[in-house]
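Residues per chain are reported as follows:
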Amino acid sequence: MKQLYGKVNNPSGLTSRLSAELVAEANRTSCKVTLYSHDDEADLKSIMNMMALVIRHGEEFKIVIEGDTEEAVAKKFKKLLEELNLLK
């Protein structure tokens, strides 16, 4: 199990565009990828799950990656979080 921590730096919060980018990356792997925020969790492979979450500017979240290729997937997610300015 790999964990990454992020923080929403976008003034509009975690927007649908940012969510879609995270979901697209999650769907490129066979690993289970889950996003946790507050007491909520979302399957990161489901855009509907992600849209149900409300993560505002300045709030933190955690991504948990589980599976055979979790190390490589974590590296890809870390790079994506950096590009999207979401890495804590």
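Residues numbered from 1 in each chain as written. Predicted model: local features only at pLDDT ≥ 70, side-chain atom pairs only at ≥ 80, totals over all residues. Heavy atoms only, no water.

### Description of the pattern of salt bridges
Opposite charge on two side chains allows them to pair when their charged atoms are near. Note the following rule: Any Lys or Arg side-chain nitrogen located within 4 Å of an Asp or Glu carboxyl oxygen qualifies as a salt bridge. To qualify as a helix, a DSSP run of H or I must reach at least 4 residues; to qualify as a strand, a run of E must reach at least 2; elements of each kind are numbered from the N terminus. Exposure is judged per residue with a 1.4 Å probe applied to protein chains only, and the accessible area is read against the type maximum: over 50% gives exposed, under 20% gives buried, and values in between give partly exposed.
Evaluated as defined, the whole model comprises 5 salt bridges. Across the salt bridge formed by R17 and E21, the nearest N and O atoms sit 3.0 Å from each other. In this pair, R17 and E21 both sit in helix α1 (residues 16-26), 4 residues apart, roughly one turn of the helix. When its relative accessible area of 32% is taken as the criterion, E21 is described as partly exposed. As a salt-bridge pair, E25 and R28 come within 2.9 Å of each other at their nearest N and O atoms. Look at E25 and you get buried, because its relative accessible area is 13%.

### Side note on the pairing of strand β2 (residues 32-37)
This is how the line gets drawn: Strands pair, by our definition, only if DSSP identifies at least two bridges between them.
Here β2 pairs with strand β4 (residues 60-66) via 5 bridges, running antiparallel. Across the sheet, residue K32 finds its bridge partner in β4, namely E66. Note: β2 against strand β3 (residues 40-43), 4 bridges, orientation antiparallel. Paired with T34 across the bridge in β3 is D43. What sits between the antiparallel neighbours β2 and β3 is a turn of 2 residues, in which H38 has the positive phi angle 55 degrees.

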